[in-house]
Amino acid sequence: MCKRALTGLSLVLATAAGAQAKDDEEIALRRGDMVVRLIPFGATVTQIEVPDRTGRRANVLLGFRSPAEFRAKNHKASFGATIGRYAGRIAGARFTIDGQPVQLVADDGPNALHGGGAAKFDTQEWTVRHRDARAVTFSLDSPDGFQGFPGRLQVLVTYRLIAGNALRIDYEARTSKPTVLNLTNHAYFNLAGEGSGTVRSQTLQILADRYVATDAGGIPTGAFPPVAGTALDLRTPSPLGAGIDSRSPLMGSRGFNHAWLFDKPAGKLATVARLADPASGRTLTVETSEPSIQVYTAGYLDGTDRGPSGRIMNPFDGVALETQHLSDSPNQPSFPSTLLRPGEIFRSTTIWRFGLSPAPIKPR
């Protein structure tokens, strides 16, 4: 999380009413060979179309065939949606701020997942504050007490196509009371194209020497063991299938659902990961200001929903690369803080950069 003192906040302080898109409207952004489609429901990215090495363009996101289907079904998997108020888990669905207890709604056993409760940011109708051919800004006014969190929260998320076949995501927020905040996007990528099947042959590289140890409930223990010698050592490009099918005690039977901690200055925008599909030649390089990434290979998809191609979406048909702060940070004083106070601005940036180069990335 990057925070700044309140000095001339941009759109997050806008008082003019934004333009609300129609329920069935899909917003299309275009630049060069890239097309991105979005809807206000959940401030959701519904499709990303990019070319392969032959120039053939395909949608590389899992999702549904229409905005209506997203509204009806996306509460289960949150395909491409904005997650909040708190991405990840909070132990016991409770924490304290300045000695005051905060109680959330448990929705993952005794814990709160992605904020807790049924109504979350990914199921809210956001307002379109600005749009043009290459960018759209969504806003959400979240009331004090939403999901149990203190503070009226004003949130912006801006999606902007930038040079180099890249989509930049910028988050901004301010609060009326001290609160905690952790935002991410829950897109599921398949660089071979939606409907092409498993991502096992696609390679993932993560520039991190340590992973986040968790208990059986997915709550961090506070330890950051080295990745060396484990199925989580992705410092060089490794096929996702090697980890998914390893059945090691660290992995279990559901594939990747793990977090890594980056060794970089707080708030610095840096390259942290690369996904690549050897067959199509497509690559996705991830840059972020966040301190961690949660990788989830869709092991809990139930095989009941069809994507835009008409094909069933099964476990391991996509991989989510969720740049964010750590789970349970409000209860872990040694973790990077997610505390946001009145007069501060929350800022976070992630860039998805698509290409065709198979070369491994290097820290910069």
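This brings us to the overall build of the protein. The number of helices and strands found in the protein is 2 helices and 27 strands. The C-alpha radius of gyration computed for the protein amounts to 19 Å, which stays within 12% of the reference 21 Å derived for 364 residues, consistent with globular compactness. In the protein, which comprises 364 residues, the share counted as buried stands at 55%. For the protein, the accessible area works out to roughly 14300 Å², and carbon and sulfur atoms hold 51% of it.

It is worth spelling out the confidence of the model for the protein at this point. For the protein, per-residue confidence averages 93 on the pLDDT scale, and residues scoring 70 or more make up 91% of the total. For residues 4-18, every residue scores under 50 in pLDDT, and the model assigns this stretch 29 contacts once sequence neighbours within four places are set aside.

The pairing of strand β2 (residues 27-31) with strand β3 (residues 34-39) spans 5 bridges and is classified as antiparallel. Of the residues in β3, the one forming a bridge with R31 is M34. What sits between the antiparallel neighbours β2 and β3 is a turn of 2 residues, in which G32 has the positive phi angle 60°.

Side chains that are nonpolar tend, in soluble globular proteins, to be buried together. I48, Y159, F189 and W260 are the most contacted members of the largest nonpolar core, which has 61 residues in total. Ranked by residues supplied to this core, first place goes to strand β13 (residues 153-162) with 5 residues. In terms of nonpolar packing, the next biggest core, distinct from the first, is built from 13 residues, I39, Y188, A298 and L301 among them.

Tracing the chain through its elements places Y188 in strand β17 (residues 188-189). On the basis of relative accessible area, Y188 is assigned to the buried category, the value being 2%. Between the C-alpha atom of Y188 and that of T158, which follows or precedes it by 30 residues, the distance is 19 Å. The contact partners of Y188, leaving out residues within four places of it in the chain, are V60, L61, L62, A77, S78, F79, Y296, A298, V319 and A320. Polar side-chain contacts of Y188 include one of 2.8 Å to the backbone oxygen of A77.

Parameters at a glance
Residues numbered from 1 in each chain as written. Predicted model: local features only at pLDDT ≥ 70, side-chain atom pairs only at ≥ 80, totals over all residues. Heavy atoms only, no water. Helix = DSSP H or I, 4+ residues; strand = E, 2+ residues; numbered from the N terminus. Rg over C-alpha atoms; globule rule 2.2 N^0.38 Å. Buried < 20%, exposed > 50% of the residue type's maximum accessible area, 1.4 Å probe, protein only. Areas by Shrake-Rupley, 256 points an atom, 1.4 Å probe, with all protein chains shown as cover. pLDDT = per-residue confidence, 0-100. Contact = heavy atoms within 4.5 Å. Pairing = 2+ DSSP bridges. Core = buried A, V, L, I, M, F, W, Y, C linked by side-chain atoms within 4.5 Å. Polar contact = N/O pair within 3.5 Å; in protein donor to acceptor, adjacent residues only side chain to side chain.

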